[in-house]
Amino acid sequence: MATTPPATRHSAQKDAIRRALNASTGFLSANQVHRLLQDEGTPVGLATVYRQLGALAQIGAVDTVTGPEGQLFRSCRTDSHHHHLICENCGRAEDLELSEDWILAAAAGHGFTVTRHVLEVFGLCADCASPSPDSTY
Ligand SMILES: [Zn+2]
Ligand SMILES: [Zn+2]
Ligand SMILES: [Zn+2]
């Protein structure tokens, strides 16, 4: 009798979650990922989505930021240390690679050695900042 080991089902869910993240250019909430999976016909429980996203974030496979509506997740194109520029309106995000000497210098000015830092930049993307021509009839 061929029974599917539970691990296979689990990694299929994880793959579906990764696929949804890879297909998006912006940050997604667990709710949005849940809805995308529902739409593509891979029903995964919301609790599982939360758990899998948390696990992916923990191993560094996805980046996570805290937005106005809670924790958001994104599969970034780069593995190197970077920051994010995030549109508050549509969730679109860009990876930002900054020159960071000023962080070390500012901390050293207070006698601190930097162990880690968190920096996210929120704003409006070009599309959201300018009114769309479609909106005027
Ligand atoms: Zn990133
Ligand atoms: Zn940095
Ligand atoms: Zn936008």
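Each chain has its residues counted from 1, running along the sequence as written. Think of it this way: whatever chain is written first is A, whatever ligand is written first is 1, and the rest follow in order. Only residues with pLDDT of 70 or above have their local features reported here, since the model is predicted, and side-chain atom pairs are shown and tallied only from 80 upward, although totals for entire chains, interfaces and linings are computed over all residues.

Overview of the overall build of the chain
Only DSSP runs of H or I covering at least 4 residues are called helices, and only runs of E covering at least 2 are called strands; the numbering of each starts at the N terminus. Per the secondary structure count, the chain includes five helices and six strands. Starting at the N terminus, the α and β elements of the chain follow one another as α-β-α-α-β-β-β-β-α-β-α. Exposure criterion: with C-beta atoms placed from backbone coordinates, a residue whose C-beta has 20 or more other C-beta atoms within 10 Å is buried, one with 12 or fewer is exposed, and one in between is partly exposed. Counting every position in the chain, which comprises 137 residues, the buried fraction comes to 15%. Here, residues touch in the contact sense if the C-beta positions derived from the backbone fall within 7 Å of one another. Considering only residue pairs separated by 6 or more positions, the chain has 53% of its internal contacts joining residues 24 or more positions apart.

A word on the nonpolar core
Nonpolar side chains in soluble globular proteins tend to end up buried together. Counting residues in hydrophobic clusters, the biggest one holds 16 residues, and the most contacted among them are Ile17, Leu21, Val33, Leu53 and Phe73. Every element with two or more residues in this core is listed here: α1 (6–22), α2 (30–39), α3 (46–58) and β3 (70–74). Ranked by residue count, the leading element in this core is α1, at four residues. In this structure, leucine 53 is in contact with Ile17, Ala30, Val33, Val62 and Phe73, ignoring residues within four places of it in sequence. For this entry, the nonpolar core is defined as buried Ala, Val, Leu, Ile, Met, Phe, Trp, Tyr and Cys residues connected by C-beta atoms within 7 Å.

Notes on the packing of α2 against α3
Viewed as axis vectors pointing N to C, α2 and α3 meet at an angle of 120°, and their least axial separation amounts to 9 Å. Regarding the angle of α2 to α3, the classification is oblique. By crossing handedness, the relation of α2 to α3 is classed as right-handed. On α3, the residues touching Ala30, Val33 and His34 of α2 are Leu46, Val49, Tyr50 and Leu53. Classification used: nonpolar for Ala, Val, Leu, Ile, Met, Phe, Trp, Tyr, Cys and Pro, charged for Asp, Glu, Lys and Arg, polar for all others including Gly. Split by residue class, the contact of α2 with α3 holds six nonpolar, one polar and no charged. Between N-to-C directions, angles span 0 to 180 degrees; the directions come from axes that are lines fitted to C-alpha atoms, helices contributing only their stretch in contact. The cut-offs work like this: below 35 degrees is roughly parallel, past 145 is roughly antiparallel, 65 to 115 is roughly perpendicular, and the gaps in between are oblique. Two helices that cross are described as forming a left-handed crossing if the nearer one is turned anticlockwise from the farther one by less than a right angle, and a right-handed crossing if clockwise.

Concerning α2
Of the residues making up α2, those classed as buried are Ala30, Val33, His34 and Leu37. The arc that holds the buried residues of α2, viewed along the axis, is 100°, so those residues lie on one side. A positive phi of about 85° marks glycine 41, the residue just after α2. Note that the arc is defined by the directions from the helix axis to the C-beta atoms.

Focus on the sheet that holds strand β5 (residues 93–96)
Taken in spatial order, the three strands line up as β5-β4-β6 in an open sheet, and their pairing is mixed. Of all the strands in the sheet, just β5 and β6 (120–123) have a single pairing partner and so form its edges. Here the strands of the sheet are splayed against their neighbours by 20° on average, with no regard to which way each runs. Note that strand β4 (residues 83–87) and β6 share four bridges and pair parallel. Counterpart to isoleucine 86 in the pairing with β6 is phenylalanine 122. A strand pair is defined by DSSP finding two or more bridges across the two strands.

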